[in-house]
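Coordinate inspection notes
The chain contents come next:
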Amino acid sequence: MGEERLIYHVDVNSAYLSWSSVDRLSWGESDLRLVPAVVGGDAAKRHGVVLAKSVPAKAFGIHTGEPLSDAVRKCPDLIAIPPDFKIYQRYSRAFKAICRTYATAVQDFSIDECFLDVTQTTAYYHPVETACELKDRIKAELGFTVNVGVGPNKLLAKMAGDFEKPDKVHTLWTEEIPEKMWPLPVRRLLSVGRKTAEKLNLYGIRTIGDLAHCEPANLQQVLGNKQGGHLYRYANGLDDSPVLAEPQEEKGYSVSITLPKDVRTAAEARKVIKRLVDSVAMRLRSKHRRAKRISVQIRSSSFVDRSHQRTLDHATDITREIEATADQLFDELWDGVTPLRLIGVALTQIETGSVSQISMFDTKDLERERHIDQAIDAIRKRFGTDAVSRGVDDKKLPRVGKKYEARFEIDRDQ
DNA sequence: TCTGGGGTCCTAGGACCC
DNA sequence: TCTGGGGTCCTAGGACCC
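Below you will find a few notes about this structure. (Residues numbered from 1 in each chain as written. Chains lettered and ligands numbered in written order. Predicted model: local features only at pLDDT ≥ 70, side-chain atom pairs only at ≥ 80, totals over all residues. Heavy atoms only, no water.)

**Details of the protein's contact with DNA strand C**
Taken together, 20 residues sit near DNA strand C, with S110, T196, H308, Q309 and T311 positioned nearest. Close to the protein, within 4 Å, the atoms of DNA strand C are drawn from sugar and phosphate at a rate of 92%. A distance of 3.5 Å is found between a sugar or linking oxygen of DNA strand C and a side-chain nitrogen or oxygen belonging to E113. G193 has a polar backbone atom sitting 2.9 Å from a phosphate oxygen of DNA strand C. Listed by contribution, the elements that provide at least two residues to the surface near DNA strand C are β5 (105-110), α8 (194-202) and β11 (305-316). (Near = heavy atom within 4 Å. Polar contact = N/O pair within 3.5 Å; in protein donor to acceptor, adjacent residues only side chain to side chain. Helix = DSSP H or I, 4+ residues; strand = E, 2+ residues; numbered from the N terminus.)

**Concerning helix α14 (residues 363-383)**
Helix length check: α14 (21 residues) gives 30 Å between terminal C-alpha atoms against 30 Å at 1.5 Å per residue, within 8%. By the burial criterion, the buried members of α14 are L366, E369, R370, I372, D373, I376, D377, I379 and R380. Where α14 terminates, the next one or two residues include G384, which has phi positive at roughly 100°. (Expected span 1.5 Å × (residues − 1). Buried < 20%, exposed > 50% of the residue type's maximum accessible area, 1.4 Å probe, protein only.)

**A word on the sheet that holds strand β3 (residues 50-53)**
Pairing is mixed across the open sheet formed by three strands, whose spatial order is β3-β2-β4. Edge positions in the sheet fall to β3 and β4 (79-81), since each has one partner strand and no second. Recorded for the sheet is a direction-independent mean angle of 30° between the axes of neighbouring strands. With three bridges connecting them, strand β2 (residues 37-40) and β3 associate as antiparallel partners. Its bridge partner lying in β3, V38 is registered against K53. Most of the contacts of helix α1 (residues 15-26) go to β2, to which it runs at about 105°, and overall it touches β2, β3 and β4. (Pairing = 2+ DSSP bridges. Axes fitted to C-alpha atoms, helices over the stretch in contact; angles between N-to-C directions. Contact = heavy atoms within 4.5 Å.)

**As for the packing of aromatic side chains**
The geometry of two aromatic rings is summed up by the distance between their centres and the angle between their planes. Inspection of the entire model under this criterion finds eleven aromatic pairs. Note on Y16 and F85: the rings are 5.5 Å apart at their centroids and 90° apart in plane angle, and the pair reads as edge-to-face. One end of the pair, Y16, is in helix α1; the other, F85, is in helix α4 (residues 85-100), and 69 residues separate them in sequence. The class for Y16 is buried, based on a relative accessible area of 18%. Note on F95 and F144: the rings are 6.4 Å apart at their centroids and 85° apart in plane angle, and the pair reads as edge-to-face. With a gap of 49 residues between them, F95 in helix α4 and F144 in the loop between α5 (127-142) and β7 (146-151) connect regions that are remote in the sequence. By relative accessible area, F95 is classed as buried at 0%. Among the residues examined, F144 registers a relative accessible area of 0% and is labelled buried. Put simply, the rings of Y16, W19, F85, Y88, Y91, F95 and F144 pair up and form one aromatic cluster. A cation over a ring is seen here: R90 above Y91, with NZ or CZ 5.6 Å from the ring centre. (Phe/Tyr/Trp six-rings, centres within 6.5 Å; stacked < 30°, edge-to-face > 60°. Lys NZ or Arg CZ within 6 Å of the ring centre and 35° of its normal.)

Structure representation (structure tokens):
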């Protein structure tokens, strides 16, 4: 058994909106955090959902994930700005760097959240004071606010960080569970989503306390062994997962796009797949990894998702090989009629290490394909992603992954 | 309600092997 | 030719997270 731990969860308040606001302030523009404002995608491209909202926008009942059009209906004066992931990466790195000065281990949880193990630091003796100091330092040095949740494990720290926002420190110690956590609706418990909450409600389980006092065997009957046991432990505040400081290796790489207009022909779909594969394969190679499994996902205009996957007998990082497989999977998956709203490609079963010689190409062609991929990767590394494309006239096509446009082309079919 | 994109983990059924 | 069971891998889909 380990000793008592002390964990912080640090969460940037309305991260995208805060970061865009701080950036705009540095350009002399007004502070969007003080008015009804959201960060959202381009509605004309059908990417129009709310990614982050200001506190005044929240007061109008605007929720993250809802369509921008609904948000505007709730608040006609709403200001909507597009996301800028470049600056978000910068601010993300900056606040995590400050976090690292307080902890022996920091786990990246997402772009705007991290866990700190501060057990072996002086914070152990002043948990709340130190958390306040961390929060205030981030505000003073970087200009945006965070919530810090303080608890004996990651679950309770994260639940605490969620209590009251923004710019707050909360504790959730084991002895505070009945008072602070059990009265909350089950939906608020980490890993209880809409579906699970509905299912639990059917059995009269409404609060986290109800869940905590269930017979675990009954819960496992309803939710399955794994999820049942897992939620029972969570509801009782039990979580012994460590703060993992090492960056976790990705289990897969995926890319998908909601198309500005439904795709209705195989020719159009192939162009999209080409661009998706190009983008995700480059990411794979940049990490020096290869993938054994390739999957293609489609979403119909009526929001029905389907997918098809194939495990190869070898791992590959060759764009053309991935594309050929993805094309084939798509042909097997699509009925040729249903209008498609979204197309996606995912690479999983990731391998690292020496390059496989096995491939759909013979040795000479394999060399050639590898050379082409390397040449394109190198050009993009030097001159930017925009510098080269792979022979699709992409001016009319939606952009995928990182932005790029055709300036000159390597056409491998010549 | 006209509904993004990138991930992780789990389940269930079938194939295949011993 | 019929029977049984366990283990592992594969595929499709679902739920959840930020």
